[in-house]
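# Observations on the model geometry
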Amino acid sequence: MQLGMIGAGRMGANMVRRLLRGGHACVVHSPSAAELASLATEGAVTAASLAELVASLPPPRAVWLMVPAAVVDATIASLAPLLSRGDTIVDGGNSHYVDDLRRHAELKARGIDHVDVGTSGGVWGLDRGYCLMIGGDDEPVRRLDPILACLAPADAGLAPSGGAGAAGTSTQGYLHCGPSGAGHFVKMIHNGIEYGMMAAYAEGMAILAAADAGEHARAPDAGTAPMRDPEHYRYHFDLPAIAEVWRRGSVISSWLLDLTAQALADDPGLENFAGRVADSGEGRWTVQAAVDTSVPAPVLTAALYARFASRGGADFQNRLLSAMRHAFGGHHEPPEMV
């Protein structure tokens, strides 16, 4: 097939490379001339403008957007007037599924199909493939199947788990999850779970890192509870080695643990990271969906709030807590805590 790709950042560029390796033709547009130049040397056709991209594609066209969620509407507003009835716009970024519903209706009125594809795989997707969660009408999704199959990881060496899904494309790493918005809804929950898994690994490793706390005696302080049994906490754990052993045979082994082990092996003290953790939206939308559907999600909610705190979001409330303790009990913050 021939596909237009708008966006050639870390994800978009590698998706183009994977498609080129699979024998598909790609026309790529990006604001970055350097990104386009690199892909041109690898066999992609580059377009300096959206009009040039559309003119380079034979109808019915398929144009994949791999851009930040904040600029999808503006991109579609510029692209849609250039397209024809029967063309398809694919949003492969991290849009909110509610926006998909609106965009699908607006584009359908113009005779243009809209398909939402939640895409997971990060910078490793070029070689590993991308897990694709797809929403949209049956016919445009069917037409895109060669592209989706090429981007997906195939069976990834995993035997099917059985059940109804074993007969479909889910065993190949891509799935038509339902009508418009379904792909991004499933990806939204995927990322909410990711927040929780990452937080669990981080918290567990932090407790291991603090397991020598009994060797660090502190002066008695009326405002701080003392460690009752310091002799219970005199361990010096090799965190990279622990992460490595957990990768083998453990029930908590995962690709995230693989990445954690590599990060600790490269930088055991994590000196190259400030610990300010971003959230790109899916975690917030997951928590909102949990509220709207009355589904308790304390782990995912706590993981999202931890990210807010990592960026200083808890600073004011913590200062107010300290002020209240001082007001009712005359408690002063220990100097090392200021």
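Residues numbered from 1 in each chain as written. Predicted model: local features only at pLDDT ≥ 70, side-chain atom pairs only at ≥ 80, totals over all residues. Heavy atoms only, no water.

## Some remarks on the sheet that holds strand 8 (residues 174-178)
Let me state the cut-off plainly: Here, any two strands with at least 2 DSSP bridges between them count as paired. In DSSP terms, a helix is any run of H or I states spanning at least four residues, a strand is any run of E spanning at least two, and both are numbered starting from the N terminus. Orientation is described by axes fitted as lines to C-alpha atoms, over the contacting stretch for helices, and by angles from 0 to 180 degrees between their N-to-C directions.
Pairing is mixed across the open sheet formed by 8 strands, whose spatial order is 3-2-1-4-5-6-7-8. Looking at strand neighbours, the two that pair on one side only are strand 3 (45-47) and strand 8, the edges of this open sheet. Taken over all neighbouring pairs, the strand axes of this sheet differ in orientation by 25° on average, direction set aside. Pairing analysis gives 3 bridges linking strand 2 (residues 25-29) to strand 3, with the strands arranged parallel. Within the sheet, the bridge partner assigned to Val27 lies in strand 3 and is Val45.

## Digging into the pattern of salt bridges
Test applied: Definition used for salt bridges: Asp or Glu carboxyl oxygen within 4 Å of a side-chain nitrogen of Lys or Arg. Each residue gets one of three labels from its accessible area relative to the maximum for its type: buried under 20%, exposed over 50%, partly exposed in between, using a 1.4 Å probe on protein chains only.
This structure, assessed with the given rule, holds 17 salt bridges. The residue Arg248 makes a salt bridge to Glu244 at a minimum N-O spacing of 2.6 Å. Note on Arg248: relative accessible area 54%, which makes it exposed. Relative accessible area serves as the criterion here: at 29%, Glu244 is assigned to the partly exposed category.

## Some points on the nonpolar core
How we decide: In these notes, a set of buried Ala, Val, Leu, Ile, Met, Phe, Trp, Tyr and Cys residues joined through side-chain atoms within 4.5 Å is what counts as a nonpolar core. Only heavy atoms enter the contact rule, under which two residues are in contact if any of them lie within 4.5 Å.
Judged by nonpolar contacts, the single largest core of 30 residues is most densely connected at Val28 and Trp64. Contributions of two or more residues to this core are made by strand 1 (2-6), helix 1 (10-21), strand 2, helix 2 (33-40), strand 4 (62-65), strand 6 (113-120), strand 7 (131-135) and helix 8 (145-151). Examining the composition of this core, we find that 5 residues originate from one element, helix 1, more than from any other. Once residues lying within four places of it in the same chain are set aside, the contact partners of Trp64 are Leu3, Gly4, Met5, Ile6, Met15, Val90, Gly92, Val117, Thr119, Ile147, Leu148 and Leu151. Within the second largest apolar cluster, 18 residues are counted, among which are Val54, Val67, Ile76 and Ile89.

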